[in-house]
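What the coordinates show
Letter by letter, the chains look like this.
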Amino acid sequence: FVAIWLKILWQHQVASKSPFAAMAWQQLVWWLAVARFASSHGGSLQPECLEYLSRKGLNSTDALKGKLEQCTPNQAKQEPYAPNPASAFPGVTDTTDLSCRYGHPSYYGPTGGTCCGWKPHFNWVVATCDPNEVQQESNFCKSLPPCVSSKGKDYCGAKINYVAAYQYNGSHFVMMDDSTSGRKTSAGVEGSYAEGTGWEEEKKDFTWRSGDWTSKYAPWGDGPSGPRGGTPPAMMWVLSAESFYYGAFYLLSQLTLNLEGKAITEGFAAGTNCWNWEIDPVEGTKGWFPPNSSLPGNVNQLYATNDAAVSGCMPVTYLASQANGLRRNFSQPPQFREYCEQNPTAAGCQPWVEDVMWSGGVLGSQRFENYADQPYVFAVVVDYRGYWIYRWIPDATTGETGWPGVGRHGADRVLVKRPRAVADVGGLATDVKGDVPEAVILQPSVPPEAACLRASIEAVNFQFGADALGAMAAQLGEYQPGGALEGAQNWWAHFADTEQYQNYPLSIAGVPMHNLQARYDCNEEANFAGDCKVNSDRALAASTSQSEAALSAKTTQNASIDPGRTNRRLRSSVDSASATYV
């Protein structure tokens, strides 16, 4: 019916000798071809993905697929390290159909078969500057205040009570014992740094391969029999510390954790660590820069970043303007449309006027100032809406936080799906000061329609072409083995909305850089101290251009320390930077 209507419309244009007749005919042919293709599949392409094909001059997903290279997995090489796709928890996604075969250089070459086809299983890493019998110093820990790495009464580094990992089952978050470090009981997990229990008792069992950080800890094991990690429909991790003045709490794929962990005992037999996905909710920045460089903030302002390594099957936003396709109207993330309609000049709502970095890093505002010897509890949730990063100062008397069942010295085995809404205004604008009692930062997700919009302003390449193809595979239901677009994935499509969003302002995703009006008196080696606090007069001192140059040097250093790690905290498309808003 639609085709007949379009044909009549075109005939009318021809009869009227409209100058747009030829263009109308081309559009008619293209739409018919796409409609014919979509009707032959189980689902249908949505407007942004249809627009992507039109914009790129492609008449089908097969044409897009033909521009990309699909990797070939080597099951024999990957199996000893890959986690079990099936879960023991009811309501948890079996990841068998979610193999990723597009979108990252590590999937190709002599060792690519180990990485190609990996699945969405993720877990935590804790990194500190504490010396160990193998390593005394590292790139992230050089020239820091002595209290960060020197144990003793003045120690101000990572004083951890416990770390807990949770899998969402469709209604609640359930603790994963093999990925939880603390004293586990039938009720949950416990730990007290002061008493030497919890983390201090168990951290040796989580020792992981160090390198850019002096000491690292993570859950790892033997492939299918080891930790499964967190998977869709959602997952969560909690870190409680008496002090987290400097350190890192970040997430990697379970495959990478297993490969790097087994390298401790077996050597680097696989030849790769498949470091093709990373999110850093809380990370010190000393290792981002060459020696004697100024940091983007004080040494104890720890940053959140999601673009250090991007897989191609779980795209990220980068800039707000890019996430909105360089258009002069706000559409992504959709849960903020009503807010931006009511507050059109609020941070992030008009990125064509003033842009905001939503992926964090040195060009973003997503950071936590952590005081020395101040207890904090962090929680990180990954769900359909994105990466949610919470921080609370636990109640001095009860130890409670804003998340029922999560406390200073313990967490319940089963948790409700979200905390109470963060209300403190100091915790709703990303640049979180050390004394703010509660805070939330969001790094927005990029589900299928958002992925096609985000990719539409980029070249059809290994990353953004794969993002678009994965989005279309999800919409058509053709991503699984045997599907027409097998291995093209948008993993965001398989996550559930755990309702973390509670009518927050868009500033929880970031604010313009000029808002970071802080005079930094602890951001150089000459003035590092163990009691840094941002001054209240708020006069800007850091230079973005200096940070960019320093970060470029950091990328090279990290690549040599962690084979396979691609650090891309400054990633923004040349195409996008030079494009015109439409």
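Since we're looking at a predicted model, the values are computed, not measured.

What about the overall build of the chain?
- Counting its regular elements, the chain contains 15 helices and 18 strands.
- Sorting the 582 residues of the chain into buried and exposed places 59% on the buried side.
- Of the contacts made within the chain by residues no fewer than 6 positions apart, 75% connect residues no fewer than 24 positions apart.
- Counting only carbon and sulfur atoms, one obtains 52% of the accessible surface of the chain, whose full area is about 21300 Å².

What about the sheet that holds strand 8 (residues 235–244)?
- In spatial order, the strands read 16-3-2-8-13-14-18; together these seven strands make up an open sheet with antiparallel pairing. Bordering the open sheet on either side are strand 16 (414–415) and strand 18 (438–444), each of which pairs with just one other strand.
- Strand direction decides the pairing type here: strand 3 (residues 173–175) and strand 16, joined by two bridges, are antiparallel. In the sheet register, Phe-173 faces strand 16, and the bridge partner there is Leu-415.

Here's the deal with the sheet that holds strand 7 (residues 215–217)
- Spatially, eight strands are ordered 6-7-1-9-10-11-12-17 in an open sheet, and the strand pairing comes out mixed. Because the sheet does not close on itself, it has two edges, and the strands there are strand 6 (207–208) and strand 17 (431–432).
- Judged from the three bridges that link them, strand 11 (residues 301–309) and strand 12 (residues 367–369) form a sheet pairing that is antiparallel. By the bridge assignment, Gln-301 is partnered in strand 12 with Glu-369.

Describing helix 3 (residues 47–55)
- For helix 3, the complete set of buried residues consists of Glu-48, Cys-49, Leu-50, Tyr-52 and Leu-53.
- Just past helix 3, the residue Gly-57 takes up positive phi, approximately 70°.

Quick word on the packing of helix 3 against helix 12 (residues 448–455)
- Packing of helix 3 against helix 12 brings their axes to within 8 Å, and their N-to-C directions diverge by 25°. With respect to their mutual orientation, helix 3 and helix 12 come out roughly parallel. Note that helix 3 runs across helix 12; the crossing there is left-handed. Residues Pro-47, Glu-48, Cys-49 and Tyr-52 of helix 3 pack against Pro-448, Glu-449, Cys-452, Leu-453 and Ala-455 of helix 12.
- Residue composition of the contact of helix 3 with helix 12, grouped by class: seven nonpolar, no polar and two charged.

Some points on the packing of aromatic side chains
- In this structure the tally under the stated criterion is 26 aromatic pairs.
- One aromatic cluster is present, formed by Trp-118, Phe-122, Trp-277, Tyr-387, Trp-491, Trp-492 and Phe-495 through successive ring pairs.
- Over the ring of Tyr-371 we find Lys-533; its NZ or CZ atom is 4.5 Å from the centre of that ring.

Some details on the nonpolar core
- Ranked by size, the top nonpolar core spans 110 residues in total, and within it Trp-124, Phe-244, Tyr-246 and Phe-249 carry the most contacts.
- Looking at which element gives the most residues to this core, the answer is helix 13 (residues 464–476), with eight residues.
- Formed by 38 residues, the second largest nonpolar core is a distinct cluster that contains Met-175, Trp-358, Val-377 and Ala-509.

Looking at the environment of Val-316
- Structurally, the position occupied by Val-316 is in the loop between strand 11 and helix 10 (320–323).
- A C-alpha to C-alpha distance of 7.2 Å links Val-316 and Asn-306, two positions 10 residues apart in sequence.
- Aside from chain neighbours lying at most four places away, what touches Val-316 is Asn-306, Asp-307, Val-310, Ser-359, Val-446 and Arg-454.

Comments concerning the environment of Met-513
- Assignment of secondary structure puts Met-513 in the loop between helix 13 and helix 14 (544–561).
- Residues Met-513 and Val-362, 151 residues apart in the sequence, show an inter-C-alpha distance of 9.8 Å.

What about the confidence of the model for the chain?
- When the pLDDT values of the chain are averaged, the result is 88; 84% of them are 70 or greater.
- Segment residues 27–41 is flagged for pLDDT under 50; beyond a separation of four residues in sequence, or across chains, it makes 25 contacts in the model.
- Ignoring residues within four places in sequence, the model shows residues 537–582, a span with pLDDT below 50, making 119 contacts including any to other chains.

With respect to the side chain of Asp-431
- For Asp-431, the position within the fold is in strand 17.
- A distance of 2.7 Å separates the side chain of Asp-431 from the side chain of Arg-367, its partner in a polar contact.
- At a separation of 3.0 Å, a polar atom in the side chain of Asp-431 contacts the side chain of Lys-433.
- Not counting the four nearest positions on each side in its chain, Asp-431 is found in contact with Gln-301, Ser-365, Arg-367 and Leu-516.

Things to note about unusual backbone geometry
- At the junction of Pro-232 and Pro-233, the peptide bond is cis and its omega measures out at 20° in the coordinates.
- When you line up the elements, Pro-233 lands in the loop between strand 7 and strand 8.
- The backbone phi angle of Asp-373 is positive, close to 55°, even though this residue is not glycine.
- Residue placement: Asp-373 occurs in the loop between strand 12 and strand 13 (376–383).
- Take Asp-373: its relative accessible area is 48%, and that puts it in the partly exposed class.
- Unlike most non-glycine residues, Glu-499 shows phi in positive territory, near 65°.
- Turning to its location among the elements, Glu-499 is positioned in the loop between helix 13 and helix 14.
- Of the residues examined, Glu-499 reaches a relative accessible area of 37% and is grouped as partly exposed.

Some words on the state of the cysteines
- According to the stated counting rule, one finds eight disulfides in the structure shown.
- The residue that forms a disulfide with Cys-147 is Cys-156, at a sulfur-sulfur distance of 2.1 Å. Disulfide Cys-147-Cys-156: the torsion about the S-S bond is 55°, which places it as right-handed. When sorted by exposure, Cys-147 lands in the same class as Cys-156, which is buried.

Reading guide: rules and limits
- Residues numbered from 1 in each chain as written.
- Predicted model: local features only at pLDDT ≥ 70, side-chain atom pairs only at ≥ 80, totals over all residues.
- Heavy atoms only, no water.
- Helix = DSSP H or I, 4+ residues; strand = E, 2+ residues; numbered from the N terminus.
- Buried < 20%, exposed > 50% of the residue type's maximum accessible area, 1.4 Å probe, protein only.
- Contact = heavy atoms within 4.5 Å.
- Areas by Shrake-Rupley, 256 points an atom, 1.4 Å probe, with all protein chains shown as cover.
- Pairing = 2+ DSSP bridges.
- Axes fitted to C-alpha atoms, helices over the stretch in contact; angles between N-to-C directions.
- Parallel < 35°, antiparallel > 145°, perpendicular 65-115°, else oblique.
- Left-handed = near helix turned anticlockwise from the far one by under 90°.
- Nonpolar A, V, L, I, M, F, W, Y, C, P; charged D, E, K, R; others polar.
- Phe/Tyr/Trp six-rings, centres within 6.5 Å; stacked < 30°, edge-to-face > 60°.
- Lys NZ or Arg CZ within 6 Å of the ring centre and 35° of its normal.
- Core = buried A, V, L, I, M, F, W, Y, C linked by side-chain atoms within 4.5 Å.
- pLDDT = per-residue confidence, 0-100.
- Polar contact = N/O pair within 3.5 Å; in protein donor to acceptor, adjacent residues only side chain to side chain.
- Disulfide = S-S within 2.5 Å.

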